[in-house]
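Coordinates in review
Now for the letters of each chain:
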Amino acid sequence: MAIDDPVEATSRKTNGKKPFYRTLWGQVLIGVGIGIVLGYLRPGTAIAMKPLGDAFIRVISMVITLVIFCTIVTGIAGMGDMKKVGRVGGKALLYFEVISTIALLLGLVVGNLVQTGAGFNANPATLDAKAVANYAGAAKTQTVTDFLMHIIPTTVVDAFARGDILEVVFVSVLFGLAMAIMGKRVKPLVDVIDGLTQAVFGVVNIVMRFAPIGAFGAMAFTVGAFGLKSLGPLAKLVGTFWITSILFVLVVLGAVCWAAGFGIIKFLAYIKEEIILCLTLSSSEPALPTLMEKMEKLGCPKALVGLVVPTGYTFNTDGSSLYMTLAALFVAQATNTHLTLGQQLTIFAVAVLTSKGASGVQGASFIALVGTLMVIPTIPVAGMALILGVDRFMSMGRATVNMIGNGVAAVVLARSEGELDPATLRHNLGIPFTLATTAPLEPVTVQRKTAG
């Protein structure tokens, strides 16, 4: 794994296990626990820990654009088949749209069935509209043309300077295609970029050692600033969102995994470090580099991972999709705003587009939701102030589901291309299993590739 050290790798080979407190995920959990206790007992001190979490996120974000660029360029250049690149990209976009649409529909159905805002009887005139004003200023309704134009950066440097994942993917794909077409003439440059890729992942491995400190700072701030008691009045909304998110992962994504020949539970256990990071940092971006490397170690081709995972961070935001329709209905119900079926379908249609901008960054989904609600004038946007205080707790779930969905997408699409190494997948998931359409697998000691 990307975050393993030689001692841990050796211990696995000898069937030994490191103590819980010496594993990265164990240390992160310990940091989270200490952060919760500090936030509850000493809120003022806990809030002061915020820079620790912010610093960790910024350091990881610093290298994300390089990870995406290097992985996509070397992957496409090594693939060499332009038809294959187009086929994989087309499959990915179709898959993303289907799964995220299911998430939007699920949020809409649950919102109508559970009625999370019913009985709240909030008066929009008494709500703190100023609290939402900053988000409303950042939010604006996007047309399809606006969205497509946003993909193209003003300059190549601007895409990397602003850290816009979709723009970086666009630039990277262009460079990768150009190098694939030019072939041997640019092979030295491809080798240099491949070397840079190894160096960047080396930086990621170093930074991940500080993940427990970052997780501690982020969780301490969350509990200290918002307090567990803030969940009380909105417990029904938060609880419904989390239960729906868990069901979406286990049932919807679980069914997709089953159809592709592997189990969702074992997959979740394999990416447990990334899950814990997303939960504590309320952002999926810090988990992107290690998720990509883990998908490669799981048997997915490097080129496919480089295309699918970064693109999915913009187009495959399952957690954000669930949140947007569920929260939109909550605001309407809490302010006693009756929505017709046509208005709900309008929210759904607009959310299909606005949810695509709700990638890894903290608060992006909240801004996208404000922009969605602005399309239905009868819903008071000021009603968003009701969930502003607990949005952080839902952001944890959004980021985690987004990340899990993109990991599943990489494996499923690699399987559909017939390029998933079953022996490596079986070994890393730790279970004996057979892909649905393959012959029985040979013993792993004979077949599997070197995973380290």
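About the cut-offs
- Residues numbered from 1 in each chain as written.
- Predicted model: local features only at pLDDT ≥ 70, side-chain atom pairs only at ≥ 80, totals over all residues.
- Heavy atoms only, no water.
- Helix = DSSP H or I, 4+ residues; strand = E, 2+ residues; numbered from the N terminus.
- Buried < 20%, exposed > 50% of the residue type's maximum accessible area, 1.4 Å probe, protein only.
- Contact = heavy atoms within 4.5 Å.
- Areas by Shrake-Rupley, 256 points an atom, 1.4 Å probe, with all protein chains shown as cover.
- pLDDT = per-residue confidence, 0-100.
- Core = buried A, V, L, I, M, F, W, Y, C linked by side-chain atoms within 4.5 Å.
- Patch = residues over 30% accessible without salt bridge, like charges linked within 9 Å, V, L, I, M, F, W, Y side chains within 5 Å.
- Salt bridge = Lys/Arg side-chain N within 4 Å of Asp/Glu carboxyl O.
- Expected span 1.5 Å × (residues − 1).
- Bend = angle between axes of the 7 residues up to and from the residue.
- Axes fitted to C-alpha atoms, helices over the stretch in contact; angles between N-to-C directions.
- Left-handed = near helix turned anticlockwise from the far one by under 90°.
- Nonpolar A, V, L, I, M, F, W, Y, C, P; charged D, E, K, R; others polar.
- Phe/Tyr/Trp six-rings, centres within 6.5 Å; stacked < 30°, edge-to-face > 60°.
- Lys NZ or Arg CZ within 6 Å of the ring centre and 35° of its normal.

Some words on the overall build of the chain
For the chain, the helix and strand inventory stands at 23 helices and zero strands. Here the chain holds 452 residues, and 55% of them are scored as buried. Counted over contacts in the chain with a minimum sequence separation of 6, partners at least 24 positions apart contribute 81%. In the structure as shown, the chain presents an accessible area of about 19,100 Å², 68% of it carried by carbon and sulfur atoms.

Brief notes about the confidence of the model for the chain
Averaged over all residues, the pLDDT of the chain is 80; the fraction at 70 or higher stands at 84%. Within the model, pLDDT remains below 50 along residues 5–15, and this stretch shows eight contacts once partners closer than five positions in the same chain are excluded. Across residues 433–452, where pLDDT falls below 50, the model places 31 contacts with residues more than four positions away in sequence or in other chains.

Side note on the environment of L52
In this structure, L52 sits in helix α4 (residues 50–79). L52 sits 160 residues away from P212 along the chain, and the two C-alpha atoms are 10.0 Å apart.

A short note on the environment of V114
Note that V114 resides in helix α5 (residues 82–114). Among the residues examined, V114 registers a relative accessible area of 31% and is labelled partly exposed. For V114 and L326, which are 212 residues apart along the polypeptide, the C-alpha to C-alpha distance reads 9.8 Å. Those residues within four positions of V114 in sequence are excluded, and the remaining contacts are K236 and T240.

Some thoughts on the nonpolar core
Generally speaking, a soluble globular protein has its nonpolar side chains buried in company with each other. Ranked by internal contacts, the top residues of the largest apolar core, which has 121 residues, are M295, Y323 and I387. Grouped together as the second largest cluster of nonpolar side chains are eight residues, F69, V73, V186 and I193 included.

Observations regarding a nonpolar patch on the surface
Taken together, the side chains of I243, I246, L247, L250, V251 and I265 make up a nonpolar region of the molecular surface, amounting to roughly 560 Å² of accessible area. Note on placement: V251 falls in helix α12 (residues 235–260). A relative accessible area of 52% places V251 in the exposed class.

A closer look at the pattern of salt bridges
Applying the stated criterion across every chain yields a total of nine salt bridges. Between E417 and R87 there is a salt bridge whose closest N-O contact spans 2.8 Å. Here E417, found in the loop between α21 (391–416) and α22 (422–429), pairs with R87, found in helix α5; they are 330 residues apart in sequence, far enough to count as distant. Among the residues examined, R87 registers a relative accessible area of 38% and is labelled partly exposed. Here K187 makes a salt bridge to D191, at a shortest N to O gap of 3.2 Å. Residue K187 and its partner D191 are located together in helix α10 (residues 187–208), separated by four residues, close to a single helical turn.

Thoughts on α12
End to end, α12 covers 36 Å across 26 residues, agreeing with the expected 38 Å (1.5 Å per residue, within 8%). Along its length, α12 shows its largest kink, about 35°, at G254. At the exit of α12 stands G261, carrying a positive phi of roughly 100°.

Examining the packing of α5 against helix α16 (residues 302–315)
Relative orientation of the contacting elements α5 and α16 amounts to 35°, with a least axis distance of 10 Å. The handedness of the crossing between α5 and α16 comes out as right-handed. Each of V85, V88, A92, L93, F96 and S100 in α5 lies in contact with α16, whose residues at this interface are L304, L307, V308, T311, G312 and F315. In terms of residue class, the contact of α5 with α16 is made up of nine nonpolar, three polar and no charged.

Here's the deal with the packing of aromatic side chains
The tally for this structure, following the rule as stated, stands at five aromatic pairs. Both rings, one in F69 and one in F175, keep their centres 5.7 Å apart while their planes meet at 70°; by these two values the pair is edge-to-face. Taken as a pair, F69 in helix α4 and F175 in helix α9 (residues 165–182) lie far apart in primary sequence, 106 residues in all. Plain terms: the ring middles of Y95 and F96 are 6.2 Å apart, the flat faces sit at 70° to each other, and that makes the pair edge-to-face. In this pair, the class of Y95 matches that of F96, namely buried. An aromatic cluster is built from F69, F160 and F175, whose rings are joined through pairwise contacts. Its end group placed over the ring of Y270, K294 keeps NZ or CZ at 5.5 Å from the ring centre. The residue whose ring lies beneath R398 is Y323, and the NZ or CZ to ring-centre distance is 4.1 Å.

Some thoughts on helix α18 (residues 341–354)
With 14 residues, α18 extends 20 Å from end C-alpha to end C-alpha; this agrees with the ideal 20 Å at 1.5 Å per step. Along α18, the positions that sit buried rather than exposed are Q343, Q344, I347, F348, V350, A351, L353 and T354.

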